[in-house]
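Secondary and tertiary structure notes
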Amino acid sequence: MERTMQTGSPGLIGVIAASLRRERERAGMSLTELARRAGIAKSTLSQLESGSGNPSVETLWALGVALGVPFSRLVDPPRPSVRVIRAGEGPATYSERSDYAATLLASCPPSARRDIYRIEAEPGEPRVSEPHMPGTAEHVVLGAGRALAGPAAEPVELGPGDYVVYPGDEPHVFQALAAGTAAVVVMEHV
């Protein structure tokens, strides 16, 4: 079953559409060039920019890498100075290949280079990620369940409270080994 952006938040698709247009124009790329660099169809990108698409996490990561921006810059709406995100709320994106959901908790302001995500995953297909921008590191703290996380060639098994850091600019994986697996991921962009 393919899952894409959670549309429970009425303005999220609009935020993504505006963010894609803004970042593409900032990069001086045409629709055709960005679609080619991200490995997606031009028609898909056009739909996303018009606010009528429903992107998967893989599509948004590919677009972020092609634009040279963190994933969060594409999905994080303007926010008030105090913000609470309750468990089960927030802008969640889903993998099309595994039972994996990533919820952006906090993106970095322009002067910082980190994003924080809550991950919820169930046993099954692993979430294999392509390399992010050069210099990216991922920090994972497992809150519940069991998981394999880290470089795709050498992931490590984590239990509740365990921490691992690994290069995010190499292929990497997160795979739930127990039901109800949850983690916090902090992405550093150098």
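Up top you'll find the structure we're talking about.
Quick summary incoming for the structure in this document.

Scoring rules and cut-offs
Residues numbered from 1 in each chain as written. Predicted model: local features only at pLDDT ≥ 70, side-chain atom pairs only at ≥ 80, totals over all residues. Heavy atoms only, no water. Buried < 20%, exposed > 50% of the residue type's maximum accessible area, 1.4 Å probe, protein only. Helix = DSSP H or I, 4+ residues; strand = E, 2+ residues; numbered from the N terminus. Arc of directions from axis to C-beta. Contact = heavy atoms within 4.5 Å. 1 Å grid on protein atoms, 1.4 Å probe; cavity = no way out; pocket = protein on both sides within 12 Å on 5 of 7 lines; lining within 4 Å. Points joined across faces, edges and corners; volume = space filled by probe spheres on them. Nonpolar A, V, L, I, M, F, W, Y, C, P; charged D, E, K, R; others polar. Pairing = 2+ DSSP bridges. Axes fitted to C-alpha atoms, helices over the stretch in contact; angles between N-to-C directions. Salt bridge = Lys/Arg side-chain N within 4 Å of Asp/Glu carboxyl O.

Some remarks on helix 2 (residues 31-38)
For helix 2, every residue scored as buried is listed here: Leu34, Ala35 and Ala38. Projected onto a plane normal to the axis of helix 2, the buried residues spread over an arc of 100 degrees and lie on a single side. Buried residues belonging to helix 2 abut helix 1 (12-27), helix 3 (42-50) and helix 4 (57-67). In the stretch just after helix 2, Gly39 is the one whose phi turns positive, near 75 degrees.

A closer look at the layout of surface pockets
Considering only enclosed or pocket space, the second largest pocket measures out at about 230 Å³ in volume. Glu58, Trp61, Ala62, Arg97 and Glu130 are the residues nearest the centre of the second largest pocket, which is lined by 16 residues in total. Elements represented by at least two residues in the lining of the second largest pocket include exactly helix 4 and strand 4 (127-129). Examining the composition of the lining of the second largest pocket, we find that 5 residues originate from one element, helix 4, more than from any other. Of the residues that constitute the lining of the second largest pocket, the class distribution is 7 nonpolar, 4 polar and 5 charged.

Some thoughts on the sheet that holds strand 9 (residues 172-176)
The antiparallel open sheet is built from 4 strands, whose spatial order is 4-9-6-7. Where the open sheet ends on each side, the last strands, each with one partner, are strand 4 and strand 7 (156-158). The mean inter-strand angle of the sheet, taken between neighbouring strand axes irrespective of direction, is 15 degrees. Bridge analysis of strand 6 (residues 147-151) against strand 7 gives 3 bridges, and the strand direction is antiparallel. What sits directly across from Ala149, in strand 7, is Val156.

Overview of the side chain of Thr59
Structurally, Thr59 is set in helix 4. Residue Thr59 is classed as buried on the basis of its relative accessible area of 16%. If we ignore the near neighbours within four places in the chain, the residues touching Thr59 are Ile40 and Leu48.

Thoughts on the pattern of salt bridges
Taken as a whole and assessed by the stated rule, the structure comprises 10 salt bridges. Among the salt bridges present, the one from Arg26 reaches Glu23, with a minimum N-O distance of 2.6 Å. Taken together, the positions of Arg26 and Glu23, both in helix 1 and 3 residues apart, correspond to about one turn of that helix. Residue classification places Arg26 among the partly exposed residues on the basis of a relative accessible area of 48%.

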